[in-house]
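Examination of the molecular architecture
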Amino acid sequence: MEEKLQLLEETATCEVEKAADLEELENLRVKYLGKSGEVTEILQNIGDLPPKQRPVVGKLGNKLKSKLESAIAEKKDELKKVAKEKRLKEEEIDVTLAGKRDDLGSKHPLTQVIDEISEIFLGLGFRIVEGPEVEKDYYNFEALNIPKAHPARDMQDSFYISEDILLRTHTSPVQVRTMEETDVPVRIIAPGRVYRVDEVDANHSPVFHQVEGLMIDKNISFSNLKGILIKVVKELFGEDREVRFRPSYFPFTEPSAEVDVSCALCGGEGCSTCSDTGWLEILGSGMVHPRVLEMSGLDPQKVSGFAFGMGIERIAILKYGITDIRRFYENDMRFLQQF
Ligand code: DAH
């Protein structure tokens, strides 16, 4: 019996040592130490042995049992380590491989122009305000000296929600709202979306964008208007561009002027872009009409001011040489990625 135990110890330790993986090791544990394992059975059947052998076999059997237990535990640790290393190797990520790239978005060219204009005016001490796109007829027309039957309404037909409420046709109503709400001095710009009944073509869109501007204080004169607008146009288009003021008419300003910038393509010589004039129209402006001041609760004897309005699409088209206004609204990545 002692010899049998000796032999068992040799084979068992040898097999444990050679176990190639955790599964094989577990099978060996069951084979020797399991419920009906070889070592377990010897220990269980000690009672059948002659009394003299019992203590010897019992001692040797228990020794073998604990020896195998620790051998198996040790081997288990070793195999676990090997398995972990193998798994890590398999799951290794090559960080030097080219990855999948997410396309980074960018600001829409119209937003870029609005931001640029806003920066310039913030630098000049102007505030940025906003007004509603669904506007009262009173603010859109009436308070801007455009009464019901005025012919100027023809050029700005709109989408009416009711007789008195419409989608604003320009950002000028924000002038009136600001004058009603804030004390003089006023220095604001108001960028935003405007609406008109227009057929869509390369130059027209029923929805487009404007930036309104308003400056009111004591003793504001046409020189202030010129000074500010020349500065802004040059910042926007470049110091080398010429700026021209052309007499014009708007019901809410008197006198009124349209502002042109010299054509960059021909340098003022005249070409197809500027319709052979050498100039490109970029905004409307003027001294706020005394009636408009009055209607908004200001005293034209005490304060004066100037206003202007420019089309954002128009500025972007001229700045970037875009030939069709529809490009702005199509969300074609090939177009948008250029800015
Ligand atoms: N609201 C005018 C338009 O949409 C543009 C304009 C002209 C605005 C003169 C002004 C201004 O503030 O003074 O055609």
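1. Some remarks on a nonpolar patch on the surface
On the surface, a nonpolar cluster with roughly 250 Å² of combined accessible area is contributed by Val-134, Ile-161 and Ile-165. Structurally, Ile-161 is set in the loop between α6 (137-140) and β3 (165-167).

2. Observations concerning the nonpolar core
One finds Phe-121 and Ile-282 to be the most contacted residues of the largest nonpolar core, which totals 44 residues. Here the element with the most residues in this core is helix α8 (residues 222-237); it accounts for seven residues. Excluding anything up to four places from it in sequence, Ile-282 contacts Val-233, Phe-237, Val-259, Asp-260, Val-261, Met-310, Gly-311, Ile-315 and Leu-318.

3. What to know about the packing of aromatic side chains
Counting across every chain of the model gives 10 aromatic pairs. Taken together, a centroid distance of 6.4 Å and an interplanar angle of 70 degrees make the contact between Phe-222 and Phe-245 edge-to-face. You can see Phe-222 sitting in helix α8 and its partner Phe-245 sitting in strand β6 (residues 243-250), a full 23 residues away along the chain. Owing to a relative accessible area of 27%, Phe-222 belongs among the partly exposed residues under this scheme. Put simply, the rings of Tyr-320, Phe-328, Tyr-329, Phe-335 and Phe-339 pair up and form one aromatic cluster. Positioned over the ring face of Tyr-139 is Arg-177, at 4.2 Å from the centre of the ring.

4. A few points about the site of the ligand
His-170, Ser-172, Gln-175, Arg-196 and Glu-212 are the nearest of the 16 residues found near the ligand. Within the side chain of Ser-172, one N or O atom sits 2.9 Å away from a nitrogen atom of the ligand. Taking Gln-175, its side chain carries an N or O atom lying 2.9 Å from an oxygen atom of the ligand. Across the complex, the protein chains shield 90% of the 360 Å² of accessible surface that the ligand would expose by itself. Listing elements by their share of the shell around the ligand, those giving two or more residues are β5 (207-217), β8 (279-288) and β9 (304-311). Residues that form the shell around the ligand fall into these classes: four nonpolar, 10 polar and two charged.

5. What to know about the sheet that holds β5
The strand order across the open sheet formed by seven strands is β1-β4-β5-β9-β8-β7-β6, and the pairing between neighbours is mixed. The open sheet terminates on both sides in strands that have one partner only, identified here as β1 (127-128) and β6. As paired strands, β1 and strand β4 (residues 186-195) are joined by two bridges and run parallel to one another. From the neighbouring strand, Arg-127 faces β4, where its bridge partner is Ile-188. Sheet contacts for helix α5 (residues 109-123): β1, β4, β5 and β9; angle to β4, the most-contacted strand, approximately 170 degrees. On the sheet, helix α7 (residues 173-181) packs against β1, β4, β5, β8 and β9 and is oriented at approximately 35 degrees with respect to β5.

6. Some details on the pattern of salt bridges
Counting across every chain of the model gives 23 salt bridges. Residue Glu-9 is joined to Lys-67 by a salt bridge in which the shortest nitrogen-to-oxygen separation is 2.6 Å. Taken together, the residues span a long stretch of sequence, with Glu-9 in helix α1 (residues 2-18) and Lys-67 in helix α4 (residues 53-90) at a distance of 58 residues. According to the relative accessible area criterion, Glu-9 is partly exposed, its value standing at 23%. Under the relative-accessibility criterion, Lys-67 is labelled partly exposed at 42%. Arg-246 serves as the salt-bridge partner of Glu-281, at 3.9 Å between the closest nitrogen and oxygen. Linking Glu-281 in strand β8 with Arg-246 in strand β6, this pair joins segments that are 35 residues apart in sequence. What makes Glu-281 partly exposed here is its relative accessible area of 35%.

About the thresholds
Residues numbered from 1 in each chain as written. Predicted model: local features only at pLDDT ≥ 70, side-chain atom pairs only at ≥ 80, totals over all residues. Heavy atoms only, no water. Patch = residues over 30% accessible without salt bridge, like charges linked within 9 Å, V, L, I, M, F, W, Y side chains within 5 Å. Areas by Shrake-Rupley, 256 points an atom, 1.4 Å probe, with all protein chains shown as cover. Salt bridge = Lys/Arg side-chain N within 4 Å of Asp/Glu carboxyl O. Helix = DSSP H or I, 4+ residues; strand = E, 2+ residues; numbered from the N terminus. Core = buried A, V, L, I, M, F, W, Y, C linked by side-chain atoms within 4.5 Å. Buried < 20%, exposed > 50% of the residue type's maximum accessible area, 1.4 Å probe, protein only. Contact = heavy atoms within 4.5 Å. Phe/Tyr/Trp six-rings, centres within 6.5 Å; stacked < 30°, edge-to-face > 60°. Lys NZ or Arg CZ within 6 Å of the ring centre and 35° of its normal. Near = heavy atom within 4 Å. Polar contact = N/O pair within 3.5 Å; in protein donor to acceptor, adjacent residues only side chain to side chain. Nonpolar A, V, L, I, M, F, W, Y, C, P; charged D, E, K, R; others polar. Pairing = 2+ DSSP bridges. Axes fitted to C-alpha atoms, helices over the stretch in contact; angles between N-to-C directions.

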